[in-house]
Amino acid sequence: MPLRLYNTLSQQVEDFSPARDNTVRMYTCGPTVYHYAHIGNFRTFTFVDILRKTLRANGFQLDHVMNITDVDDKIIRNAAAEHKDLKDYTAVYTQAFLDDCSALRLERPEHLVPATEHIDDMADAIARLTAGDHTYSSDGSVYFRIGTFPGYGKLSHNDFSGNIAGARVDLDEYEKADARDFALWKAPKEGEKYWETAIGPGRPGWHIECSVMAIKYLGETLDIHAGGIDLVFPHHENEIAQSESLTGKPFSRFWLHAEFLMVEGQKMSKSLGNYFTLRDVLEKGHAPEAIRYLLASVPYRKSLNFTFDGLKSAATAIDRLRNFKLRLETDRFPEGSNDQLIARTRAAEQAFAASLNDDLNTAEALAAVFEYVRDVNTAMDSGEFRSGNGAAALAFLERFDSIFDVLKPTAQAGQLSDAAVEALVKERDAAKKAKNFARADQIRKELLDQGIVLEDTKSGVRWKRK
Ligand SMILES: [Zn+2]
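What counts and what doesn't
Residues numbered from 1 in each chain as written. Predicted model: local features only at pLDDT ≥ 70, side-chain atom pairs only at ≥ 80, totals over all residues. Heavy atoms only, no water. Helix = DSSP H or I, 4+ residues; strand = E, 2+ residues; numbered from the N terminus. Buried < 20%, exposed > 50% of the residue type's maximum accessible area, 1.4 Å probe, protein only. Polar contact = N/O pair within 3.5 Å; in protein donor to acceptor, adjacent residues only side chain to side chain. Contact = heavy atoms within 4.5 Å. Axes fitted to C-alpha atoms, helices over the stretch in contact; angles between N-to-C directions. Parallel < 35°, antiparallel > 145°, perpendicular 65-115°, else oblique. Nonpolar A, V, L, I, M, F, W, Y, C, P; charged D, E, K, R; others polar. Pairing = 2+ DSSP bridges. Phe/Tyr/Trp six-rings, centres within 6.5 Å; stacked < 30°, edge-to-face > 60°. Lys NZ or Arg CZ within 6 Å of the ring centre and 35° of its normal. Expected span 1.5 Å × (residues − 1). Arc of directions from axis to C-beta. Donors = N, O, S within 2.8 Å, 3.2 Å for Na, K, Ca; no water. Tetrahedral: all angles 85-135°; square planar, octahedral: opposite > 155°, others 65-115°.

Here we look at the side chain of Asn7
Step number 1: Mapped onto the fold, Asn7 is located in strand S1 (residues 4-7).
Step number 2: Judged by relative accessible area, Asn7 falls into the buried class, the value being 2%.
Step number 3: A polar side-chain atom of Asn7 sits 3.1 Å from a polar atom in the side chain of Glu14.
Step number 4: Apart from residues lying up to four places away in sequence, Asn7 is in contact with Gln12, Glu14, Arg253, Phe254 and Trp255.

Okay, here's the thing in structure tokens:
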């Protein structure tokens, strides 16, 4: 069964394969690093992780870009309130975000790109939009004129005709179904950080950063653009308007959006006291893999009700799978092999893969796993399970875990997991290649502080615990 994904653009489930050389060019909107990310954000990032792993399971390679929004209204406001330099302020929350992603076992995209390192690229794109008559300026700010892009509204399926005449908005956030010309470039305000560029001093608006960095790293037409459902309008609609006005080509073939997360049946909000960062939930003593399981267990196009009972059930489900695995590894079974169980394992594998390929139906995929576990436990109890059936059963569990990644317990507090060490070693390698020796040295030191020693050898970097 081919991979099928729901495309917000066509409002249909479509067969997916990348446009060229078996590589999926994918862009996902990353965090705005003005605070610790909340569990609703991580619902979306966990969906992206399941998507990555399912794409890979279908034999595709990945070229995935995620931005770090390290300049916007909120960041500027918060940094000023704390009397901090923008960079110092965002560095803390960028690192916190990466740590949180590691805790949830979210793979690092191939490119993680901060907006502030691409300001000149953005200024250049705005200059080209201006040359194409898509913009107008006012008091040093530059606005995109929505009336010059007839396709405006095609992603959110809103009809904006008659509602797009030259009213402009400076904020990064505005009301749903309110199509106003948006700021591409914001003139410097008193006391605010700004950049000197070819189009004058100022800073970019939020929307332009994604268009520019996506096209820079992935080309003019992406295979997949994904994010939370709240980004469809205006953010993604604006990205399409800018990108397609620049290139004259479709910006992305597929648009994927994850639904909202509710907490205990209510919209998460600070005033209701049900607003949780990942750190808040971890501090209550819940294992990261239980959080990951809960976030992944509901298909991404359904809204997810995050409850603390649900977290407990997630932990119980993981225990059940771990016990099953332990039993497969340690019980002694009669010699031989049971043909019926061989067929049962194959059927479970097929159901698992087919469910994921059905627009990432994670609930069905998990059901296939648990029905299998129940049947095999019964077969073990009755002596029908034979030693020759063990390898295939373990291989299926491994296949499951290559997507859901919950079987291995998280290392105790204070001890870096193997995966976290590997990720840092990889990051250091990349830093060295990019001649960012400061970062490379910093990682070596961070690891040493955690009791991890690195050895540079001819065949690459080896690491060991002290
Ligand atoms: Zn974006």
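Focus: the packing of helix H4 (residues 119-131) against helix H5 (residues 206-218)
Step number 1: It is at 9 Å that the axes of H4 and H5 come closest, and there the two elements cross at 100°. Regarding the angle of H4 to H5, the classification is roughly perpendicular. Here Asp121, Met122, Ala125, Ile126 and Leu129 of H4 come into contact with H5, specifically with Ile208, Glu209, Val212 and Lys216.
Step number 2: Here the residues of the contact of H4 with H5 sort into six nonpolar, no polar and three charged.

Focus on the sheet that holds strand S16 (residues 304-306)
Step number 1: Strand order across the open sheet formed by three strands is S15-S14-S16, with mixed pairing between neighbours. Across the chains shown, the open sheet's two edge strands, defined by having one partner strand only, are strand S15 (266-267) and S16.

Re the packing of aromatic side chains
Step number 1: This structure, assessed with the given rule, holds 20 aromatic pairs.
Step number 2: Geometrically, the ring pair formed by Phe42 and Phe45 is edge-to-face, given 5.9 Å between the ring centres and 65° between the ring planes. With Phe42 and Phe45 both in helix H1 (residues 39-57) and three residues apart, this pair spans about one turn of that helix.
Step number 3: Residue Phe42 is classed as buried on the basis of its relative accessible area of 0%.
Step number 4: Ring centres of Phe324 and Tyr372 lie 6.3 Å apart, and the angle between their planes is 85°; on these two criteria the pair is classed as edge-to-face. Separated by 48 residues along the polypeptide, Phe324 in helix H9 (residues 308-330) and Tyr372 in helix H11 (residues 362-381) bring together distant segments of the chain. The pair Phe324 / Tyr372 is uniform in exposure class, with both members buried.
Step number 5: Pairwise contacts between aromatic rings join Phe324, Phe352, Tyr372, Phe396, Phe400 and Phe404 into one cluster.
Step number 6: Geometry around Trp195 places Lys193 over its ring, the cationic atom sitting 4.9 Å from the centre.
Step number 7: The cationic tip of Lys270 hangs over the ring face of Tyr275; the distance from NZ or CZ to the ring centre is 4.6 Å.

A word on the side chain of Asn67
Step number 1: As for its position among the elements, Asn67 is in strand S4 (residues 61-68).
Step number 2: Looking at Asn67, the relative accessible area reads 1%, which means it is buried.
Step number 3: Looking at Asn67, its side chain comes within polar contact range of the main-chain nitrogen of Gly30, at 2.7 Å.
Step number 4: A polar contact is formed between the side chain of Asn67 and the side chain of Thr69, at a distance of 3.1 Å.

Comments concerning the packing of H1 against helix H12 (residues 390-404)
Step number 1: Put simply, H1 and H12 touch, their axes get as near as 8 Å, and they point 135° apart. As summarised for this structure, H1 and H12 are arranged oblique, according to the angle between their axes. Contacts between H1 and H12 involve Ile50, Lys53, Thr54 and Ala57 from the first element and Arg399, Ser402 and Ile403 from the second.
Step number 2: Each residue belonging to the contact of H1 with H12 can be placed in one class, and the counts come to three nonpolar, two polar and two charged.

Re unusual backbone geometry
Step number 1: Cis geometry is found at the peptide bond from Phe233 to Pro234, where omega equals 0°.
Step number 2: Tracing the backbone through its elements, the reader meets Pro234 in helix H6 (residues 232-247).
Step number 3: The phi dihedral of Asp405 falls on the positive side, at around 50°, and the residue is not glycine.
Step number 4: For Asp405, the location among the structural elements is in the loop between H12 and helix H13 (418-433).
Step number 5: Positive phi, normally seen in glycine, also occurs at Lys435, with a value near 60°.

A closer look at the sheet that holds strand S13 (residues 252-258)
Step number 1: Within the open sheet, the five strands sit side by side as S5-S4-S3-S12-S13. Their pairing is parallel. The outermost strands of the open sheet, each flanked by one partner alone, are strand S5 (111-114) and S13. Shown here is a sheet whose adjacent strand axes are inclined to one another by a mean of 20°, direction ignored.

So, H4
Step number 1: A rise of 1.5 Å per residue sets the reference length of H4, with its 13 residues, at 18 Å; its end C-alpha atoms lie 18 Å apart and thus fit the reference within 8%.
Step number 2: Considered for burial, the residues of H4 that qualify are Ile119, Met122, Ala123, Ala125, Ile126 and Leu129. Projected down its long axis, H4 shows its buried positions confined to an angular sector of 160°, all on one face. Exposed and facing more than 90 degrees away from the buried side of H4 are Asp120 and Ala131.
Step number 3: Downstream of H4 by one or two residues, Asp133 has phi in the positive range, about 70°.

Topic: the coordination of the zinc ion
Step number 1: At this site the zinc ion is bound by Cys29 (SG), Cys210 (SG), His235 (NE2) and Glu239 (OE), with donor distances of 2.0 to 2.6 Å.
Step number 2: The coordination sphere of the zinc ion comprises four donor atoms, whose angles at the metal cover 73 to 131°; the geometry is irregular.
Step number 3: Mapped onto the sequence, the residues coordinating the zinc ion show the spacing C-x180-C-x24-H-x3-E. Within this pair, whereas Cys210 is found in helix H5, its partner His235 is found in helix H6, the two being separated by 25 residues in sequence.
Step number 4: Residue classification places Cys210 among the buried residues on the basis of a relative accessible area of 0%.

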